[in-house]
Amino acid sequence: MKENGFKETEIGLIPEDWEVVRLGEVGKIITGNTPSKKFKEYWENGEIDFIKPPDLQNKYITTCSEKISSKAKKVARIVPEGSVLVSCIGIIGRVGYSLKPVAFNQQINAIVPNNRIDSLYLFYTIQTQVEQISKLRSVTTVPIVNKAKFSFVKIPLPPLSEQQKIAKVLD
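Remember, predicted model here, so these are calculated numbers, not experimental data. Chains are numbered independently. Their residues run from 1 in the order of the written sequence. Confidence filtering applies because this is a predicted model: local features only for residues at pLDDT of at least 70, side-chain atom pairs given and counted only at 80 or more, and all residues used for totals across whole chains, interfaces and linings. Heavy atoms from the whole structure form the basis of all side-chain values; hydrogens and water molecules are not counted.

**Notes on the sheet that holds strand β7 (residues 59–61)**
Threshold: When DSSP finds two or more bridges between a pair of strands, those strands are recorded as paired. Only DSSP runs of H or I covering at least 4 residues are called helices, and only runs of E covering at least 2 are called strands; the numbering of each starts at the N terminus. Here, axes are lines fitted to C-alpha atoms. For helices the fit covers the stretch in contact, and angles between N-to-C directions go from 0 to 180 degrees. What makes two residues a contact is simply this: any of their non-hydrogen atoms within 4.5 Å.
The strand order across the open sheet built from five strands is β5-β13-β10-β11-β7, with neighbouring strands paired in mixed fashion. The open sheet is flanked by β5 (27–31) and β7, the only strands paired with a single partner. Between one strand axis and the next, the sheet turns by 30 degrees as a mean value, whatever way the strands run. Where β7 lies against strand β11 (residues 95–98), three bridges are found, and the strand directions are parallel. In the strand pairing of β11, Ile-61 is matched with Ser-98. Across the sheet, helix α2 (residues 119–127) touches β7, β10 (84–87), β11 and β13 (108–113), and the angle it forms with β11 is around 170 degrees.

Here you go:
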């Protein structure tokens, strides 16, 4: 049903020239890991921020509770600046935006945006999809949304120039 330049979609009313896409279509999704604490050299003289869910506050990631060493690079999963990190275990849906390369634990899925989406637009859009993400969680002792389910979260995708304008206004 069209209504004054809008169309009805599975995620609601959006402008006619926008698409609905899955997260897996607009970036590479990576689940974090934790370098073994048995190897002290991974945790001594930390240089790389190691992000955990409490570090995600729905804003830029500026602080972290731990750092890993350059020796841990070979075993840690590190994403570049402009990646969007989302907690998917325990407290579902906390979001953070990386201002530099960061490592992160297995409770977090990161999205490394591709050229179809503006990274800041993605960051702000994910914050509007917490309910959709929460509905994907498995019922266990600790709520969890796995990487496969997470990659199917649907978001609105305007043309790139419009994404950049939206992100600039929201920023």
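**Observations regarding the environment of Gln-57**
We count it as follows: We call two N or O atoms a polar contact when they sit within 3.5 Å, provided that within protein one can donate a hydrogen and the other can accept it, with sequence-adjacent residues counted only if both atoms are side-chain atoms.
Tracing the chain through its elements places Gln-57 in the loop between β6 (48–51) and β7. At 2.6 Å, the side chain of Gln-57 forms a polar contact with the backbone oxygen of Pro-54.

**Regarding the pattern of salt bridges**
Inclusion rule: Salt bridge, as used here, is a side-chain nitrogen of Lys or Arg placed within 4 Å of a carboxyl oxygen of Asp or Glu. Burial status follows relative accessibility: with a 1.4 Å probe on protein chains alone, a residue under 20% of its type maximum counts as buried, one over 50% as exposed, and anything between as partly exposed.
Under the definition given, this model contains eight salt bridges. Of the charged contacts in the structure, one is a salt bridge between Arg-116 and Glu-25, with a shortest N-O distance of 4.0 Å. Separated by 91 residues along the polypeptide, Arg-116 in the loop between β13 and α2 and Glu-25 in helix α1 (residues 23–26) bring together distant segments of the chain. Under the relative-accessibility criterion, Glu-25 is labelled partly exposed at 36%. When the shortest N-O distance is used, the salt bridge between Glu-131 and Lys-135 registers 3.4 Å. Taken together, the residues Glu-131 and Lys-135, both in helix α3 (residues 130–135) and four residues apart, mark about one turn of the helix. In terms of burial, Glu-131 and Lys-135 fall into one category: exposed. When salt bridges that share partners are traced, they join Glu-19, Glu-25 and Arg-116 into one network.

**Quick look at α2**
Burial analysis of α2 places eight of its nine residues in the buried class, which makes it a mostly covered element. A distance of 3.2 Å separates the backbone nitrogen of Leu-120 from a side-chain oxygen at the start of α2, and that oxygen is part of Asp-118.

**Structural notes on the nonpolar core**
Rules: Definition of nonpolar core: a set of buried residues of the types Ala, Val, Leu, Ile, Met, Phe, Trp, Tyr and Cys, connected through side-chain atoms within 4.5 Å.
Counting residues in hydrophobic clusters, the biggest one holds 27 residues, and the most contacted among them are Leu-23, Ile-126 and Phe-150. Top element by residues in this core is α2. It accounts for six residues. Counting 10 residues, the second largest nonpolar core, distinct from the first, contains Ile-30, Val-79, Val-102 and Phe-104.

**Things to note about the packing of aromatic side chains**
As a reminder, the rule being used: Two aromatic rings, drawn from Phe, Tyr or Trp (for Trp, its six-membered ring), form a pair once their centres lie within 6.5 Å of each other, and the interplanar angle then sorts them: stacked below 30 degrees, edge-to-face above 60, tilted otherwise. To sit over a ring, a charge needs its Lys NZ or Arg CZ within 6 Å of the ring centre and within 35 degrees of the ring normal.
Considering all chains together, one arrives at six aromatic pairs under this definition. Arranged with centres 5.2 Å apart and planes meeting at 85 degrees, the rings of Trp-43 and Phe-50 form a pair that is edge-to-face. The same class applies to Trp-43 as to Phe-50, namely buried. With a centroid separation of 6.4 Å and 10 degrees between ring planes, the pair formed by Tyr-60 and Phe-123 is classed as stacked. Residue Tyr-60 is located in strand β7, and its partner Phe-123 is located in helix α2; the two are separated by 63 residues in the primary sequence. In this structure an aromatic cluster arises from ring pairing among Tyr-60, Tyr-97, Phe-123 and Tyr-124. A cation sits over an aromatic face here: Lys-37 above Trp-43, 4.0 Å from the ring centre.

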